[in-house]
Amino acid sequence: MDALNQTRVAEFVFLGLTDNWMLEILFLIAFSVTYVLTLSGNILIVVTIVSTPRLHTPMYFFLSNLSFIDICHSSVTVPKMLEGLLLDRKTISFDNCIAQLFFLHLFACAEIFLLTIMAYDRYVAICTPLHYPNIMNLRVCVQLVFALWLGGTIHSLVQTFLTIRLPYCGPNIIDSYFCDVPPVIKLACTDTYLTGMLIVSNSGTISLSCFLALVTSYTVILVSLRKQSAEGRRKALSTCSAHFMVVALFFGPCIFLYTRPDTSFSIDKVVSVFYTVITPLLNPLIYTLRNEEVKSAMRQLRQKHVFLMKSHT
């Protein structure tokens, strides 16, 4: 409580991505388009899966949840970044900064757990297909989704508590375009070595353990594919390769940013942009471009929409 009582900083100031106004205009246009495409692409996937009965399977249930998380994840940081690109002074209140930090880690951790669950789902489907309906039934899927949100909430509460308990009474300039734990705790008016190590340990344990679980599951899947038919191998490899691309795109920046000591590199902002802006857009592109079932369902949904429009005219 003493640390909280010492907090005197009312707002933080972002340095943003650049101080070049021409680059800011280019970034504003590019990231605005990216954000709109991210929202529309992920919303389209959710609507397609919900409205197509044949896609009511565990794999697509988890995929719709992934799209929902990507919508939330990008919406935590991108609107504030776009606002900063429009304004000369890029500020955020202390309370809003902590809220942004909390939801950023909530959705990021939820996505980590969900990608791990999706790998487990593919492992069961490919390695034990006869038992798949019993193992991955609706009740289990709902319980797994509840567990990932619970785990993400606990992780985010830990990160937020470790950050907010520090006193912030001096500098308030964040060398970033959003509030995250590493740049924020650098502004604390106390030694943050122990807190930083606890934060890195918490994030690092989750990221690395889930990544190792993913690599292990895909290794087992690849080994088991030798026993499959040619058509079975083709279909399994198509699904798993799309999933593994999403895993690599998400875990790469995540591990780079959150599993190292209190150090910063000039490339951090580029990695952060990829992690918060680009990856949520790539996920729907990867899954739709490489998944014939989803593309077919989208075409049918579009045809149905066109038919309804014509029937009302």
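All chains use their own residue numbering, which begins from 1 and follows the written sequence. Owing to the predicted nature of the model, reporting of local features is limited to residues with pLDDT of at least 70; listing and counting of side-chain atom pairs is limited to 80 or more, with chain, interface and lining totals taken over all residues. Side-chain numbers here rest on the full set of heavy atoms in the structure, without hydrogens or water.

Engineer: Explain the packing of helix H3 (residues 58-86) against helix H10 (residues 268-289) here, please?
Structural biologist: Any two packed helices are characterised by the angle at which their axes cross and by the distance between the axes. Two elements in contact, H3 and H10, have axes whose closest approach is 8 Å; the angle formed by their N-to-C orientations is 150 degrees. Relative to H10, H3 is oriented roughly antiparallel. Note that H3 runs across H10; the crossing there is left-handed. Contacts between H3 and H10 involve Leu63, Leu66, Asp70, His73, Ser74, Thr77, Val78 and Met81 from the former and Tyr275, Thr276, Val277, Pro280, Asn283 and Tyr287 from the latter. The convention used is that axes are lines fitted to C-alpha atoms, helices contributing only their stretch in contact, and that angles between N-to-C directions extend from 0 to 180 degrees. Each helix is a run of DSSP H or I of at least 4 residues and each strand a run of E of at least 2, with the numbering of both proceeding from the N terminus. Any angle that falls under 35 degrees is termed roughly parallel, while one over 145 is termed roughly antiparallel, one within 65 to 115 roughly perpendicular, and all others oblique. Crossings are assigned a handedness: left-handed for a near helix turned anticlockwise from the far helix by less than a right angle, right-handed for a clockwise turn. What makes two residues a contact is simply this: any of their non-hydrogen atoms within 4.5 Å.

Engineer: What's the story with the pattern of salt bridges in this structure? I'm lost.
Structural biologist: Between side chains of opposite charge, pairing is possible as soon as their charged atoms come close. Note on definitions: salt bridges are taken to be side-chain nitrogens of Lys or Arg within 4 Å of carboxyl oxygens of Asp or Glu. The final tally for this structure, using the stated rule, is five salt bridges. We note a salt bridge from Glu83 to Lys80, for which the minimum N-O separation is 2.9 Å. Of this pair, Glu83 and Lys80 both sit in helix H3, three residues apart, which is roughly one turn of that helix. Three exposure classes are used, based on accessible area relative to the maximum for each residue type with a 1.4 Å probe and protein chains only: buried under 20%, partly exposed in between, and exposed over 50%. You can call Lys80 partly exposed: its relative accessible area is 22%. Here Asp175 ties to Lys269 by a salt bridge, and the two come within 2.9 Å at their closest N and O atoms. With a gap of 94 residues between them, Asp175 in the loop between strand E3 (173-174) and helix H7 (181-185) and Lys269 in helix H10 connect regions that are remote in the sequence.

Engineer: In this structure, what is going on with the layout of surface pockets? I would like to understand it.
Structural biologist: One way to see where empty space is left: roll a probe the size of a water molecule over the atoms. Here the term cavity refers to a set of points on a 1 Å grid, laid over the protein atoms alone, in which a 1.4 Å probe fits but cannot get out; the term pocket refers to an open set having protein on both sides within 12 Å along at least five of seven lines, with lining residues being those that place an atom within 4 Å of a point. Grid points are joined across faces, edges and corners, and a volume is the space filled by probe spheres set on the points. Roughly 750 Å³ of internal volume is contained in the largest pocket. In terms of lining, the largest pocket is formed by 28 residues, of which the most central are Met59, Arg122, Lys235, Thr239 and Glu293. Those elements that place two or more of their residues in the lining of the largest pocket are H3, helix H4 (94-127), helix H9 (230-258) and helix H11 (292-311). Looking at which element gives the most residues to the lining of the largest pocket, the answer is H9, with eight residues. In this count, Pro and Cys sit with the nonpolar residues alongside Ala, Val, Leu, Ile, Met, Phe, Trp and Tyr, while Asp, Glu, Lys and Arg are called charged and the others, Gly among them, polar. Each residue belonging to the lining of the largest pocket can be placed in one class, and the counts come to 13 nonpolar, seven polar and eight charged. The space that makes up the second largest pocket amounts to roughly 620 Å³.

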